[in-house]
Amino acid sequence: MIDTSMQTNVKSAPLLPLTTTLGTVHIAVTDRARALAIWQDVVGLELLAESGGALTMGAGGKPLIVLETGATAPVTPRSIGLYHVAIHVPQRADLAQMTVRAMQRNVRISPTDHLVSEAIYLWDLDGNGIEITFETPWRGSLGDPDKGETYAITADGKPHSGRDPIDLDGLLAELGAQPVLAARMPAGTRIGHVHVHVKDLHQAMGFYRDVIGFAGFLLIDSFGMGDVGLDYMPHTLAFNVWSGPNATLPAAGTAGLRWFTIVLPDAATLDQVRARLQQAGAPIEALGNSIETQDPSGNRIQIMVSD
């Protein structure tokens, strides 16, 4: 088995093609109506299909989230699994539209300015984490506080916390003087990143960077967080140890992450990923033309080739 967990140089170029994307994220929920109250009415995803208790939600006809109803209990606190799934919108006004939908329904949100993105955080009624994101990489970059760098610095060289609250008045001004409110997210909305709880940061970095093949971006021990991606910020996958060193997988049947999907551009890339998984001793299950594996903490991942 390859041990990539203790490599000190986190940053790297991606092994995966830059056309790699994230596909559907499968999330268990307890109840159909309670799930749709957030994912459809607040987030703004459209119910594209429904079959056997699975609700396929998307935007512009593209599937993004599959909600699997019938979970026996809400999300287990302080467990391995989903921290949040980030749905990236194409325009800042789309972020404002979602904010209005939440405010109209008295749903608690946390608007946060990360400099390289603006994010609205919320939770569904089972405790599944959701982030709605508008990417703004031109505004600045992120550094590594463990190396004495400022966590975020603006394009003109000024320090930024990376966690400032968003000016909601300024955000809502994106809708204009006579706003036309939208019930659903627009075409072009996509799964931007997935953020999971893990047991060990360095182990997770070694897996997602050296085995799956994303570029290493940051691993900040003082924050308890790391992230990987392709060729630009923000990240594609993030991981944290905020559930604690003794976190375990939740009991079967509870709400939370079932799996997330990585979509590769061609079969040759899938063969390369499979070979790295085999060499690392990671579990591999064949699923037709795709494979399923798990990160070292047990988070499930399906890897497939784009249609």
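Whatever comes next refers back to the structure up there.
What comes next is a walk through the structure. Sequence order sets the numbering: in each chain, residues are counted from 1 along the sequence as written. The predicted nature of this model means local features are confined to residues of pLDDT at least 70 and side-chain atom pairs, given and counted, to a pLDDT of 80 or more, with totals for whole chains, interfaces and linings taken over all residues. Calculation of side-chain values draws on the structure's entire complement of heavy atoms; hydrogens and water are dropped beforehand.

**Some details on the packing of aromatic side chains**
Part 1: Side-chain rings of Phe, Tyr and Trp, where Trp is taken by its six-membered ring, are said to pair if the distance between their centres is within 6.5 Å; with planes under 30 degrees apart they count as stacked, over 60 as edge-to-face, and otherwise as tilted. Here the structure, examined in full by the defined rule, presents 5 aromatic pairs.
Part 2: Consider the rings of Tyr83 and Trp242, whose centres lie 5.2 Å apart with planes at 80 degrees: the pair is edge-to-face. Here Trp242 lies in the loop between strand S16 (237–240) and strand S17 (256–264) and Tyr83 lies in strand S5 (residues 81–88), a separation of 159 residues in the sequence.
Part 3: Only protein chains enter the area calculation, which uses a 1.4 Å probe; residues under 20% of their type maximum are buried, those over 50% are exposed, and those in between are partly exposed. Owing to a relative accessible area of 31%, Tyr83 belongs among the partly exposed residues under this scheme. Secondary structure follows DSSP: runs of H or I at least 4 residues long count as helices, runs of E at least 2 residues long count as strands, and numbering of each begins at the N terminus.

**Comments concerning the environment of Gly143**
Part 1: By secondary structure assignment, the location of Gly143 is in the loop between strand S9 (140–142) and strand S10 (152–154).
Part 2: Setting aside residues no more than four positions away along its own chain, Gly143 makes contact with Glu149, Thr150, Tyr151, Ala152, Leu218 and Ile220. Throughout, a residue-residue contact means that at least one pair of heavy atoms, one from each residue, lies within 4.5 Å.

**Focus on empty space enclosed by the protein**
Part 1: In this analysis a 1.4 Å probe is tested at points of a 1 Å grid over the protein atoms alone, and where it fits but cannot get out there is a cavity; an open set with protein on both sides within 12 Å along at least five of seven lines is a pocket; lining residues have an atom within 4 Å of a point. Grid points are joined across faces, edges and corners, and a volume is the space filled by probe spheres set on the points. Going through the model one piece at a time under the given rule, you end up with 1 cavity of 30 Å³ or more.
Part 2: Empty space within the largest cavity amounts to approximately 40 Å³.
Part 3: In this structure, the largest cavity is lined by Asp94, Gln97, Arg101, Ala182, Arg184, Met185 and Pro186.
Part 4: Looking at the lining of the largest cavity, its residues break down into 3 nonpolar, 1 polar and 3 charged. Only Asp, Glu, Lys and Arg are considered charged, only Ala, Val, Leu, Ile, Met, Phe, Trp, Tyr, Cys and Pro nonpolar, and every remaining residue, Gly among them, polar.

**What about helix H1 (residues 32–39)?**
Part 1: Of the positions making up H1, those classed as buried are Ala35, Leu36, Ile38 and Trp39. Looking straight down H1, one finds that the buried residues subtend no more than 165 degrees of arc, so they occupy a single side.
Part 2: Buried residues in H1 make contact with strand S1 (21–28), strand S3 (54–59), strand S4 (62–68), S5, strand S7 (117–123) and strand S8 (129–135).
Part 3: Where H1 starts, the residue carrying a side-chain oxygen 3.1 Å from the main-chain nitrogen of Ala33 turns out to be Asp31. The arc in question is traced by the directions running from the helix axis to the C-beta atoms. Pairs of N or O atoms within 3.5 Å make up the polar contacts considered here, provided that, within protein, one atom can donate a hydrogen while the other can accept it, and that residues adjacent in sequence are counted only when both atoms are side-chain atoms.

**A word on the pattern of salt bridges**
Part 1: Salt bridge, as used here, is a side-chain nitrogen of Lys or Arg placed within 4 Å of a carboxyl oxygen of Asp or Glu. Counted according to the given criterion, the structure contains 9 salt bridges.
Part 2: Glu174 is the partner of Arg92 in a salt bridge, and the nearest nitrogen-oxygen pair spans 2.9 Å. Of this pair, Arg92 sits in helix H2 (residues 92–104) while Glu174 sits in the loop between helix H3 (168–172) and strand S13 (190–197), placing them 82 residues apart in sequence.
Part 3: Using a relative accessible area of 39% as the deciding quantity, one classes Glu174 as partly exposed.
Part 4: Of the charged contacts, one joins Arg274 and Asp271 as a salt bridge, the two residues approaching to 2.8 Å between their closest N and O atoms. Linking Arg274 with Asp271, this pair stays in helix H5 (residues 267–280), spanning 3 residues, or about one helical turn.

**Points about the packing of helix H4 (residues 201–212) against H5**
A packed helix pair is summarised by two numbers, namely the angle formed by the two axes and the spacing between the axes.
Part 1: Axes here mean lines fitted to C-alpha atoms, for a helix over just the part in contact, with angles spanning 0 to 180 degrees between N-to-C directions. Between H4 and H5, whose axes approach to 9 Å, the crossing angle comes to 130 degrees. Viewed along their axes, H4 and H5 adopt a mutual orientation that is oblique. Residue-level contacts link Phe207, Asp210, Val211 and Ile212 of H4 to Val273, Arg276, Leu277 and Ala280 of H5. Each angle gets one of four labels, with under 35 degrees taken as roughly parallel, over 145 as roughly antiparallel, 65 to 115 as roughly perpendicular, and the rest as oblique.

**Some points on the layout of surface pockets**
Part 1: Counted as a void, the largest pocket has a volume near 570 Å³.
Part 2: Taken together, 28 residues make up the lining of the largest pocket; nearest its centre are His114, Tyr121, His195, Met225 and Trp242.
Part 3: Those elements that provide at least two residues to the lining of the largest pocket are S5, strand S6 (110–113), S7, S8, S13, strand S14 (215–220) and strand S15 (225–229).
Part 4: When residues in the lining of the largest pocket are grouped by element, the largest group, 4 residues, is from S7.
Part 5: By residue class, the composition of the lining of the largest pocket is 14 nonpolar, 11 polar and 3 charged.
Part 6: Of the pockets and cavities examined, the second largest pocket occupies roughly 490 Å³.
Part 7: Along the wall of the second largest pocket there are 30 residues; nearest its centre are Ile80, Gly81, Pro250, Gly256 and Leu257.

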